[in-house]
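Architecture and fold: a report
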Amino acid sequence: QVQLVESGGGLVQAGGSLRLSCSASGRTGSNYNMGWFRQAPGKEREFVAAISGSGIRTYYADSVKGRFTISRDNAKKVLYLQMNSLKPEDTAVYYCAADIGSSWPESRSYKYDYWGQGTQVTVSS
């Protein structure tokens, strides 16, 4: 089992920045691809970004490309999402997830095996 805990969400004005963290524990492995997803009220969960186990490869949704950066520190077992130039439409609950064995890149939520509880990000206009 892998346990994931997100932190760093909050309320920010449009144009501002936030950095989300996701701490992993349990049977973690540095070869796990990791991803960030988000879900706004009344909408389906959507892919935000993914990073390979080594941290070398990254993949982004078009809606966040150029504004968000995914990274990881395997020694600390922490996944990050740096979010800049935030927009009101970025408001959602953000989830981190671990993908044990899918191909790269993977943006389909059902392919991810472990999930955190989510952290709320609210961007005011």
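For the structure itself, consult the block above.
In short, a report on the structure. (Residues numbered from 1 in each chain as written. Predicted model: local features only at pLDDT ≥ 70, side-chain atom pairs only at ≥ 80, totals over all residues. Heavy atoms only, no water.)

Looking at the nonpolar core
In terms of nonpolar packing, the biggest core is built from 34 residues, with W36, L81, M83 and Y94 touching the most fellow members. For this core, the secondary structure elements donating two or more residues are β1 (2-7), β3 (18-26), β4 (33-39), β5 (46-51), β7 (68-73), β8 (78-83), β9 (92-99) and β11 (119-124). Look past the residues within four positions of Y94 in its chain and what remains in contact with it is E6, L20, W36, F37, R38, V48, F68, L81, M83, G118, T119 and V121. (Core = buried A, V, L, I, M, F, W, Y, C linked by side-chain atoms within 4.5 Å. Buried < 20%, exposed > 50% of the residue type's maximum accessible area, 1.4 Å probe, protein only. Helix = DSSP H or I, 4+ residues; strand = E, 2+ residues; numbered from the N terminus. Contact = heavy atoms within 4.5 Å.)

Some details on the packing of aromatic side chains
Enumeration according to the criterion identifies six aromatic pairs in this entry. An angle of 80° between the planes, with centres 5.0 Å apart, marks the rings of F37 and Y112 as edge-to-face. Taken together, the residues F37 in strand β4 and Y112 in the loop between β9 and β10 (114-115) connect sequence positions 75 residues apart. The exposure class of F37 is buried, given its relative accessible area of 1%. (Phe/Tyr/Trp six-rings, centres within 6.5 Å; stacked < 30°, edge-to-face > 60°.)

Just geometry here; none of it tells us what the structure is for.
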